[in-house]
Amino acid sequence: MSKTISLLSALLCTFIWGTTFIAQDTGMDNIGPFTFNAVRFFIGFLAITPLVFLFEIKKFKSEFKTDTKTFVNLSFLIGLSLFLGSALQQVALLYTDVANAAFFTIFYVPLVPIIIFLFKRTLIHWSVWPSVVLCLIGGFLLTNFYDATVRLGDGLVILGALFWSTHIIFTGIIVNKYNLPLTLGAAQTFIVAIFSFVIAFIYEEFVYLEIMKEINSILYAGILSGGFAFVLQIYAQKNITPAPAAIVFSLEGVFATIAAWFILNQILDINNLLGCLFILCGVLLSQLLPLVQKKYS
């Protein structure tokens, strides 16, 4: 797979994530956050699983001939990270607004290189840091956070950003060891669905009729975001290392803003447009600087 395909996969992935933010917010009018995530990710699992049998089951013997345990362990860590990140983000939307949630979610952009350095002692290329700063400034301008009140939910989103970071890092590790993106996508969505179902049954009312009232939001967030977007993320990280990948994924804030403009008729002011520009510059810088350095080194 070429880096161009990986970048296109990353862009499509972030587009789906960004537009799903609206479905996540509106999909809890009649059900709780864990019920929403349980059904959402189980539908995502059902959407991906047939593709596993069609395209990857024949590869299991060759991919697992040396080491199955590592795949299982990493898949569990990825699924757990995805569960904690998505759960905290979903619960946070009950206590804060989309603007705050969108801003604090992109904290995974600086967290990814910091965690990699702390635990792997791997130096991050200097070109990543200007891109990180541009993305954070862009997120600040994009969400109008300076006009918002800091809420309890903001802390939940920041904690969630830590687990989005580990999800990106663990995904970056597993894609270098195994070529089973659909299998990994199915495995992680199933893990999230199981954990979410357990908590939903204990703490929320799991009512079929109430779930059906949110079916449109659930289907969009489940099939496209919970299912195929996370598979696209895996394809994207085949040729993009975790730190630059996190920068590209920060475009979800831009797509979320554009979606809110089209769907919710929210007005874009000059700060929102500047925010989009800063994030776009950060993403371009993260991809172009290494190429320029390689050319002249």
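Everything discussed here concerns the structure shown above.
Bear in mind that the values here come from a model prediction, so they are computed numbers and not experimental data.

### Quick word on the packing of helix α6 (residues 108–120) against helix α8 (residues 152–174)
Axis angle and axis distance: for two packed helices, these are the angle between their axes and the distance between the axes, and together they describe the pair.
Right, on to step 1. Two elements in contact, α6 and α8, have axes whose closest approach is 9 Å; the angle formed by their N-to-C orientations is 55 degrees. With respect to α8, the axis of α6 lies oblique. As for how α6 packs across α8, the hand of that crossing is right-handed. The residues of α8 that touch α6, namely those facing Y108, L111, V112, I115 and I116, are A161, L162, W164, S165, T166, I168 and I169.

### Considering the side chain of Q90
Right, on to step 1. Here Q90 shows up in helix α4 (residues 69–92).
Right, on to step 2. Excluding anything up to four places from it in sequence, Q90 contacts Q24, M28, P33, F36, N37 and R40.

### Digging into the environment of T189
Right, on to step 1. Here T189 lies in helix α9 (residues 181–203).
Right, on to step 2. In the structure, T189 is positioned 38 residues away from G227 in sequence and 7.1 Å away in space, judged by C-alpha atoms.
Right, on to step 3. If we skip the residues at most four places from it in the chain, T189 touches F41, G44, F45, I48 and G226.

### Things to note about the nonpolar core
Right, on to step 1. Within the largest apolar cluster, 44 residues are counted, with the highest numbers of intra-cluster contacts made by Y108, V109, V112, I247 and F249.
Right, on to step 2. Ranked by residue count, the leading element in this core is helix α12 (residues 242–249), at 6 residues.
Right, on to step 3. With 16 residues, the next largest nonpolar core counts I31, F36, A221 and A256 among its residues.

### Here's the deal with the environment of Y208
Right, on to step 1. With respect to the helices and strands, the residue Y208 is situated in helix α10 (residues 208–213).
Right, on to step 2. Given a relative accessible area of 57%, Y208 falls into the exposed group.
Right, on to step 3. Along the sequence, Y208 and I31 sit 177 residues apart, while their C-alpha atoms lie 9.8 Å from each other.

### Considerations on the side chain of N37
Right, on to step 1. Examined against the element boundaries, N37 turns out to sit in helix α2 (residues 33–55).
Right, on to step 2. Given a relative accessible area of 0%, N37 falls into the buried group.
Right, on to step 3. N37 has contacts with S86, A87, Q90 and S196, leaving out every residue within four places of it along the chain.

### Focus: the packing of aromatic side chains
We describe a pair of aromatic rings using the distance from one ring centre to the other and the angle between the two ring planes.
Right, on to step 1. Within the structure shown, the criterion is met by 18 aromatic pairs.
Right, on to step 2. Considering the side-chain rings of F45 and F190, the 4.9 Å spacing of their centres and the 45 degrees angle between planes classify their relative orientation as tilted. Placement of the pair is F45 in helix α2 and F190 in helix α9, with a sequence separation of 145 residues.
Right, on to step 3. With relative accessibility at 19%, the residue F45 sits in the buried group.
Right, on to step 4. For the pair F64 and Y178, a centre-to-centre distance of 6.1 Å together with 55 degrees between the ring planes defines the contact as tilted.

What counts and what doesn't
Residues numbered from 1 in each chain as written. Predicted model: local features only at pLDDT ≥ 70, side-chain atom pairs only at ≥ 80, totals over all residues. Heavy atoms only, no water. Axes fitted to C-alpha atoms, helices over the stretch in contact; angles between N-to-C directions. Helix = DSSP H or I, 4+ residues; strand = E, 2+ residues; numbered from the N terminus. Parallel < 35°, antiparallel > 145°, perpendicular 65-115°, else oblique. Left-handed = near helix turned anticlockwise from the far one by under 90°. Contact = heavy atoms within 4.5 Å. Core = buried A, V, L, I, M, F, W, Y, C linked by side-chain atoms within 4.5 Å. Buried < 20%, exposed > 50% of the residue type's maximum accessible area, 1.4 Å probe, protein only. Phe/Tyr/Trp six-rings, centres within 6.5 Å; stacked < 30°, edge-to-face > 60°.

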